[in-house]
Amino acid sequence: MTAVIRTDALTKKYRRVAALDHVNLEVQEGAVYALVGQNGAGKTTAIKILMNLISASQGTAQVLGTDSRKIRGKSYTQIGYVSENQEIPEWMKVGALLDYLRDFYPTWDLALEQSLVKQFDLPLDRKIKALSRGMKMKLALAGALAFHPRLIVLDEPFGGLDPLVRDQLIEGLLERAAESTVFLSSHDLAEIESFASHVGYLESGKLLFSEDMASLSTRFREVELTRDSDGPLPSPLPSNWLRPKTSAAIVRFVDSRFDEQKTPSEIQRLFGTVKDVQYRALSLRAIFLAMARKSEEA
Amino acid sequence: MNQILHIFKKDARRHWPEILISVALLALFTRHELHPWQNTNAFSSLSPYFFILAGHYITPATILFWAFLIIRVVQGESLVGDRQWWVTKPYEWWNLLAAKLLFILILISVPLFHVHLLLLHQFGFPILPNLSTLLLTQLALYFVLFLPALLLASLTKNFSQLLLTAACILLMGAGIAWLATKIPSGDMESPPAIVEHFQEFLLWGSVVGVPVWQFARRRRWVSAAALLGMLAVNSLISVIVPNAKTMERDYPPVEAQTSPARIAIRQPAELTGRRNANPWADAVPDVYLHVPITVSGVAPRTMVMVDVMKITTDSPQDSRWSHGWKYQHVELWPEDQLKSLSYEVTRKEYEKLKTKPLNLHIELALSEYQEGDARVLPVSAGRFVDETLGICRVDPLQSSSMQCLKPFHTPGLMATFDPQEFPCHGDEKSHTIQEDAVSHAWAFPNHYSFPDANYTPIADYAIWFRPVSLLTDLDAKPQQRTKSLILCPGSEIRLARPELKRQVRIVLDLPNVRLQDLVESDWQ
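The structure displayed is predicted, hence computed values, not measured ones.

Analysis parameters
- Residues numbered from 1 in each chain as written.
- Chains lettered and ligands numbered in written order.
- Predicted model: local features only at pLDDT ≥ 70, side-chain atom pairs only at ≥ 80, totals over all residues.
- Helix = DSSP H or I, 4+ residues; strand = E, 2+ residues; numbered from the N terminus.
- Buried ≥ 20, exposed ≤ 12 C-beta atoms within 10 Å, placed from the backbone.
- Contact = placed C-beta atoms within 7 Å.
- Pairing = 2+ DSSP bridges.
- Axes fitted to C-alpha atoms, helices over the stretch in contact; angles between N-to-C directions.
- Nonpolar A, V, L, I, M, F, W, Y, C, P; charged D, E, K, R; others polar.
- Domains from an automatic or database assignment.
- pLDDT = per-residue confidence, 0-100.
- Parallel < 35°, antiparallel > 145°, perpendicular 65-115°, else oblique.
- Left-handed = near helix turned anticlockwise from the far one by under 90°.
- Core = buried A, V, L, I, M, F, W, Y, C linked by C-beta atoms within 7 Å.
- Expected span 1.5 Å × (residues − 1).

### A word on the overall build of chain A
Then, in step 1: Along its length, chain A carries nine helices and 14 strands.
Then, in step 2: Judged by the C-alpha coordinates and their principal axes, chain A covers about 70 × 40 × 35 Å.
Then, in step 3: Burial analysis of chain A (298 residues in total) assigns 36% to the buried set.
Then, in step 4: If you take every contact in chain A between residues at least 6 apart in sequence, the share linking residues at least 24 apart comes to 72%.

Below, the structure written as structure tokens:
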């Protein structure tokens, strides 16, 4: 497997504020990589640097084996980019835009274009400025998929869309995901969870983790243990036990480095014998919230 | 090439209403240019009044609309910001730039070029000998209008940003011009040739280089800094280059006896009976000192031009003071006797010195021109064609003037008319009688290495024989029949090409004079 995207200590500073802080990231070919984080975490900044829309203050990034600072012109025949903030030429009609785009891409697939138009129910004769936000996103995605890009980059593609449009977009994306690598940013975690193969978590410009979904869901567990009697929590608790809470004899926390052997023995070391221990898998949203609250508390 | 055409077709489709307006304006412009002397016949011709009225505005309106169209087309793929849709599409920057230039070429330049061909043809000027100049004129238009519009559009996101930027640049230009007036000889334009070429290179290099860089890299602030840097360097050069020194080198000093014209300064007191207080004098920020002179000794068939003047003052109490060289362009012909030169000083300095007796040292830089290839031009009735002048006629509304049309440039000329040799009679109703003194007309010789960025290939100019009475008969009563120079069919004009014979500098002294006497005298 080769890395389609790789960043090395990627940093972007606006005066003294670091929007991105030494981010090391690797996205393997064929992955559906979701970059998640709160608003202002640096997701869009990272994508804009990768797309050479803005320049990094420090560090390097490679996209499809090319230094991101050299991404321009022909490089975009292999990259489909869609952003919620893009200014689409609204004076054009839907059909005219697709016609116009077609000649830019040697690999444009007319049959696929027609299929996407049908799937997304795009009105070819309507002016873009008359389209709803959801329709505009579908049009942008159709334009980004119809030429079989090697890399699809989506910046907050689902923001503010109704569930039906979101499903349509995800469906359209997944049908083509097999032939492409998808890199997207979002804070819509429920949707991401259903199709992302990898996830990276950005917090205040720092990449706190970046791994595949399977290992992430294995690594994070909500632990609930029942002690013989209530009492204060032992101190110090391991740093990977996030947001510990007690309620009478019950203790709950999120273990961010769950291990079938190590976690029970650590519980026994700190609490002694416990009546009951339950380990529950966490949704991506729950993991995200645990991480976010931990950093807020910090 | 495919991508260039593809983008061009998209732009043409998008901007078809503006293209139609541009074509309509060009049609009106053509109609106006085809009738250059229509205004003078406004009340006698059958032309619709609208066309005459619109004629005054049609050229600036067309030029402004072209600039607007270029800005719209370039900002269609804005080069500012990071949210534009097109920047993540496979546009090659040079194709995008070429597509925008192709738009200007096909939809503005080529139609204008055809209009120019039509105008030359309609006025009967040959096309082939003028073709290269016509093409160079088009190129000049790129530098003066099209590329600057493209440059501004490439640095701004929308029209309001552009207007703001243009206003800032204009303010900066005005500031520099104002600054130049505060520096002695600051408004002189005579830098050494190498400096002038360097400044031109900087200016035109940035008009071409900055948009190219901006298209290639889309780094607005770097591009804007480069542009402002160039303007600053150019201004700095203008300030630090010793223009006065260059000028003084070009005009070597001579004794008054060897001067091409004997010039003496009249004491202001001599001008009795013409001292009126100027009611507006205190309202203007600058004060004009008027130096009356007497002239003699200009050789026949020559003309001496007072190009520039410098006044230096000293008084026992104050140190020397001067505002450097100031342009004059005052013509001294063999028949001239009385003339007046003017010199601008700031009101603050004037108020400080006006009542003090001062010794004025007045330096004049003179150019002597002599007639070359002199010949007699008979004035015909109606339109007539002359190889040097082009197509001419006597102005029906001002009989002392000839209106002429010529491709591209006004020819340099020295013209002399002696009304006593060819008496013409004025209109009985107009209360004018023929002037009896010899009169002259003048146009600077051409030294064009590159054509001007003209919007029309036809130079519409006038050869005006200034009546001598204007200067000498100021006391004439209004009821009296005024003297006027009248050209009529059968008159003959001596026409010559001006040849620069020599340039010299002379010094004159005006002792013990108050500045206020120079202001009050001869102000009208």
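That was the structure; now back to the text.
### Structural notes on the overall build of chain B
Then, in step 1: The helix and strand inventory of chain B stands at twelve helices and 15 strands.
Then, in step 2: Counting only residues that meet the buried cut, chain B has 29% of its 524 residues in that class.
Then, in step 3: Taking the intrachain contacts of chain B between residues at least 6 apart in sequence as the baseline, contacts between residues at least 24 apart amount to 82%.

### Section: the sheet that holds strand β2 (residues 286-296) of chain B
Residues and elements named next belong to chain B.
Then, in step 1: An order of β1-β2-β5 is seen for the three strands of this open sheet, with the pairing classed as antiparallel. Two strands close off the open sheet at either side, each with one partner strand: β1 (262-265) and β5 (338-346). Pairs of neighbouring strands in the sheet enclose a mean axial angle of 35°, with direction left out of account.
Then, in step 2: The pairing of β2 with β5 spans nine bridges and is classified as antiparallel. Across the sheet, D286 pairs through a bridge with T346, a residue of β5.

### What about unusual backbone geometry?
Then, in step 1: Residue A:P236 is reached from A:S235 by a cis peptide bond, and omega for that bond is -5°.
Then, in step 2: Structurally, A:P236 can be placed in the loop between β11 (221-226) and β12 (241-247).
Then, in step 3: The phi angle at A:D121 is positive, at roughly 60°, despite the residue not being glycine.
Then, in step 4: With respect to the helices and strands, the residue A:D121 is situated in the loop between α3 (110-120) and α4 (133-145).
Then, in step 5: Taking the C-beta count within 10 Å as the criterion, A:D121 has 9 such neighbours and is therefore assigned exposed.
Then, in step 6: For B:H329, which is not glycine, the phi dihedral falls at a positive 55°.
Then, in step 7: Within the secondary structure, B:H329 sits in strand β4 (residues 321-332).
Then, in step 8: Exposure remark for B:H329: the 11 C-beta atoms within 10 Å place this residue in the exposed category.

### Considering the pairing of strand β1 (residues 3-14) of chain A
Residues and elements named next belong to chain A.
Then, in step 1: Direction of pairing for β1 relative to strand β2 (residues 17-28): antiparallel, over a ladder of eight bridges. By the bridge assignment, A3 is partnered in β2 with Q28.
Then, in step 2: With antiparallel pairing between neighbouring strands as the criterion, β1 and β2 make up a hairpin whose turn holds two residues, including R15 at a positive phi of roughly 55°.
Then, in step 3: The sheet contact formed by β1 and strand β4 (residues 58-63) spans five bridges and is antiparallel. Its bridge partner lying in β4, T7 is registered against A61.

### What to know about the interface of chain A and chain B
Then, in step 1: Contacts between the two partners involve 19 residues from chain A, matched on the other side by 15 residues from chain B.
Then, in step 2: Residues that form the side of chain A that touches chain B fall into these classes: eleven nonpolar, four polar and four charged.

### A few points about the domain arrangement of chain B
Residue and element names in this part refer to chain B.
Then, in step 1: We note that the domain assignment places domain 1 (2-244), domain 2 (256-370 + 503-520) and domain 3 (380-490) within chain B.
Then, in step 2: Contact residues are listed per partner, giving 21 residues for domain 1 and 18 residues for domain 3.
Then, in step 3: Listed by contribution, the elements that provide at least two residues to the side of domain 1 that touches domain 3 are α3 (49-76), α4 (93-122) and α5 (131-154).
Then, in step 4: Here the side of domain 1 that touches domain 3 takes nine residues from α5, the largest share from any one element.
Then, in step 5: Residues that form the side of domain 1 that touches domain 3 fall into these classes: 14 nonpolar, six polar and one charged.

### Describing the confidence of the model for chain B
Residue and element names in this part refer to chain B.
Then, in step 1: Looking at chain B as a whole, its pLDDT mean stands at 83, while 83% of the residues score no less than 70.
Then, in step 2: Confidence, read as mean pLDDT per element, is least for helix α11 (residues 469-472) in chain B (50) and greatest for α4 (95).
Then, in step 3: Within the model, the stretch residues 271-275 combines pLDDT values under 50 with seven contacts to residues more than four positions away or in other chains.
Then, in step 4: For this predicted complex, the interface score ipTM comes out at 0.85, alongside a pTM of 0.84.

### Concerning helix α1 (residues 43-50) of chain A
Residues and elements named next belong to chain A.
Then, in step 1: For α1, a buried count of eight out of eight residues is recorded, marking the element as mostly surrounded by other parts of the structure.
Then, in step 2: Every buried residue of α1 is accounted for by K43, T44, T45, A46, I47, K48, I49 and L50.
Then, in step 3: Just downstream of α1 lies N52, where phi reads positive at about 60°.

### Details of the packing of α3(A) against α4(A)
Residue and element names in this part refer to chain A.
Then, in step 1: Where α3 contacts α4, the two axes come as close as 9 Å, and the packing angle between them is 160°. One finds that α3 runs roughly antiparallel with respect to α4. Pair α3 / α4 crosses with right-handed handedness. Contact residues: E113, L116, V117 and F120 in α3; K138, A142 and L145 in α4.

### Focus on the environment of B:L163
Then, in step 1: As for its position among the elements, B:L163 is in helix α6 (residues 159-182).
Then, in step 2: What makes B:L163 partly exposed here is the crowd of 13 C-beta atoms within 10 Å.

### With respect to the sheet that holds strand β3 (residues 302-314) of chain B
Residues and elements named next belong to chain B.
Then, in step 1: If you walk across this open sheet you meet the six strands as β4-β3-β6-β15-β10-β12, and the pairing is antiparallel. The sheet is open, and its two edges are formed by β4 and β12 (439-443), each paired on a single side. Taken over all neighbouring pairs, the strand axes of this sheet differ in orientation by 25° on average, direction set aside.
Then, in step 2: Each of β3, β4, β6 (358-378) and β15 (492-513) is contacted by helix α9 (residues 243-250), which is oriented at about 45° to β4, the strand it contacts most.

### Notes on the domain arrangement of chain A
Then, in step 1: If you check the domain split of chain A, you get domain 1 (3-211) and domain 2 (221-281).
Then, in step 2: Measuring from the centre of the C-alpha atoms in domain 1 of chain A to the corresponding centre in domain 2 of chain A gives 40 Å.

### Describing the nonpolar core
Then, in step 1: Counting 74 residues, the largest nonpolar core has A:Y33, A:L50 and A:V153 as its most contacted members.
Then, in step 2: Ranked by the residues each element gives to this core, the list is headed by α4(A), at seven residues.
Then, in step 3: If you count residues domain by domain, this core takes at least three from each of domain 1 (3-211) and domain 2 (221-281) of chain A.
Then, in step 4: If we ignore the near neighbours within four places in the chain, the residues touching A:V153 are A:I47, A:L50, A:M51, A:I79, A:Y81 and A:F183.
Then, in step 5: By size, the runner-up hydrophobic cluster in this structure holds 56 residues, among which are B:L332, B:L364, B:I463 and B:L487.

### Side note on the environment of B:T133
Residue and element names in this part refer to chain B.
Then, in step 1: Structurally, the position occupied by T133 is in helix α5.
Then, in step 2: T133 sits in the partly exposed class, given 17 other C-beta atoms within 10 Å.
Then, in step 3: Separated by 274 residues in sequence, T133 and P407 have C-alpha atoms that sit 9.4 Å apart.

### Describing the packing of helix α7 (residues 193-217) of chain B against helix α8 (residues 220-240) of chain B
Residue and element names in this part refer to chain B.
Then, in step 1: For the pair α7 and α8, the least separation of the axes is 9 Å and the interaxial angle reads 170°. One element, α7, and the other, α8, form an angle in the roughly antiparallel class. Residues V195, Q199, L202, L203, S206, V210, W213 and Q214 of α7 lie in contact with α8, whose contacting residues are S223, A226, L227, M230, V233, N234 and I237.
Then, in step 2: When its residues are assigned to classes, the contact of α7 with α8 shows ten nonpolar, five polar and no charged.

### Some points on α6(B)
Then, in step 1: An ideal rise of 1.5 Å per residue puts 34 Å on 24 residues; α6(B) measures up with 35 Å between its terminal C-alpha atoms.
Then, in step 2: Burial analysis of α6(B) places just one of its 24 residues in the buried class, a small minority of the element.

### Considerations on the environment of B:P378
All names here are of chain B.
Then, in step 1: For P378, the location among the structural elements is in strand β6.
Then, in step 2: Judged by local crowding, P378 falls into the exposed class, with 12 C-beta atoms found within 10 Å.
Then, in step 3: Sequence separation of P378 and L231 is 147 residues, and the distance between their C-alpha atoms is 51 Å.

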